[in-house]
Amino acid sequence: AMKTDIFGLIYASEENYNLRDLVLHRSVAALPVGGRYRAIDFLLSNMVNTGIRRVGIITQKNYNSLMDHLGSGKEWDLARKNDGLYILPPFDLVANSGNSGIYRDICDALNSKLDYIRSAPQQYCLLSGSYTIYSTSYDRMFEEHIAKGADVTMLYSTRPNIAKQGDESHFKDVRLYTDDDGRVRDIEFDSEYSQTEKLGMDVYLINKTLLEQLVSSAVAHRTYNFVADVLIPNLKHLKVYGVPHEGYVGRLTSLNSYYDINM
């Protein structure tokens, strides 16, 4: 029952020019995967299977195909009066910040949606990007988050560092070093030669109030990247934990990876 205390937030505004023509007219989240699915379907299913009943999707440009696909959210049982599926378009950006509706990064996007975050009745936020494909429920992540009194819990998969210099597959490559208790002691972002095989899966469980504070502080310092500007500088005084995921993980980071995932 406690899991109903989580709401989901999907950042569907990833800019990844490695995907070239595939994302000219649609967001990464709307990319077709395996014929009848879109990338975002996997994340929505994971959330709904965990008992999450409120999901906000932060969109940027090219979000028409995504909106058409999601509709009212009925397919995920998210067409409901209370909670449900919220598409959060970027229109309010222009008025507020004088930029052209392009988010500088996820903290910028979250900062423009703080009203939505505050209005969620749930206490915890499951924050996810949109380019990682996997199937799971977030039950274990939530249980460990509570048991360890964590501030932030990250899901990671284990895979050798196969990124080579100039290899597009290490786009947004977040490497974790954890101690025996699972606490994250170090994080490397886009490292060419990492010594750890623990690869972050771009999903974070975090107390909603803490998220608001961290995002406001980051933006006040003109920094916008959640990993580089929020997590890494705060590792000493935030309790950040990693939880392993055992199954398949695909990352929509390049044309090659897109082909592999579909195969």
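Notes on the structure follow. Remember, it's a predicted structure, so these values are computed and weren't measured experimentally. (Residues numbered from 1 in each chain as written. Predicted model: local features only at pLDDT ≥ 70, side-chain atom pairs only at ≥ 80, totals over all residues. Heavy atoms only, no water.)

### Focus: the overall build of the protein chain
The condition is simple: Starting at the N terminus, helices and strands are each numbered in turn, a helix being any DSSP run of H or I of at least four residues and a strand any DSSP run of E of at least two. Throughout, exposure labels follow a simple rule: accessible area from a 1.4 Å probe, protein chains only, divided by the maximum for the residue type, with under 20% read as buried, over 50% as exposed, and the rest as partly exposed. The contact rule is simple, with two residues in contact once any of their heavy atoms fall within 4.5 Å. Shrake-Rupley sampling with a 1.4 Å probe provides the accessible areas, and residues are treated as covered by the protein chains on show and by no other component.
A tally of regular secondary structure across the protein chain gives nine helices and 13 strands. Residue burial in the protein chain is summarised as follows: out of 263 residues, 55% are buried. Sequence-distant contacts in the protein chain: of pairs separated by 6 or more residues, those separated by 24 or more amount to 74%. Accessible area of the protein chain: about 11900 Å², with a carbon and sulfur share of 50%.

### A closer look at helix 6 (residues 139–147)
As a reminder of what qualifies: By construction, the arc corresponds to the directions joining the helix axis to the C-beta atoms.
Taken residue by residue, helix 6 has Met141, Phe142 and His145 as its buried positions. An end-on view of helix 6 places all buried positions within 95° of arc, on one side of the element. Elements in contact with the buried residues of helix 6: strand 1 (6–11), strand 6 (124–128), strand 8 (152–158), strand 11 (198–207) and strand 12 (240–244). With its phi angle positive at about 60°, Gly149 sits one or two positions after the end of helix 6.

### Here we look at the packing of aromatic side chains
To keep it simple, the criterion reads: Here is the rule: rings of Phe, Tyr and Trp (six-membered ring for Trp) pair when centre to centre is within 6.5 Å. Planes less than 30 degrees apart are stacked, more than 60 are edge-to-face, and the remainder are tilted.
All told, the structure shown has five aromatic pairs when counted by the stated rule. Between Tyr124 and Phe142, the aromatic rings sit 5.5 Å apart at their centres with planes inclined by 85°, giving edge-to-face as the arrangement. Of this pair, Tyr124 sits in strand 6 while Phe142 sits in helix 6, and the two are 18 residues apart along the sequence. Exposure class is identical for Tyr124 and Phe142. Each is buried. Between the aromatic rings of Tyr204 and Phe226, the centroid separation amounts to 5.0 Å while the plane-to-plane angle is 65°, which identifies the pairing as edge-to-face. Of the two residues, Tyr204 sits in strand 11 while Phe226 sits in helix 8 (residues 226–234), which places them 22 residues apart along the sequence. Both residues of the pair, Tyr204 and Phe226, count as buried. Ring pairing ties together the aromatic residues Phe7, Tyr86 and Tyr116, which thus form one cluster.

### Quick look at the nonpolar core
We count it as follows: Joining through side-chain atoms within 4.5 Å is the link that ties buried Ala, Val, Leu, Ile, Met, Phe, Trp, Tyr and Cys residues into a set, and such a set is a nonpolar core.
Counting 39 residues, the largest nonpolar core has Leu9, Leu110, Met154, Ile187, Leu211 and Phe226 as the members making the most contacts within it. Counting residues per element, this core draws most heavily on helix 7 (residues 208–220), which supplies six residues. Other than its neighbours up to four places away in sequence, Phe226 contacts Ile106, Cys107, Leu127, Tyr204, Ile206, Leu211 and Leu231. Core analysis: the second largest hydrophobic core is formed by 26 residues, Ile10, Met47, Val48 and Tyr138 among them.

### Points about the environment of Val215
On the secondary structure map, Val215 appears in helix 7. Assessed through its relative accessible area of 0%, Val215 is described here as buried. Sequence separation of Val215 and Leu114 is 101 residues, and the distance between their C-alpha atoms is 8.9 Å. Other than its neighbours up to four places away in sequence, Val215 contacts Cys107, Leu110 and Asn111.

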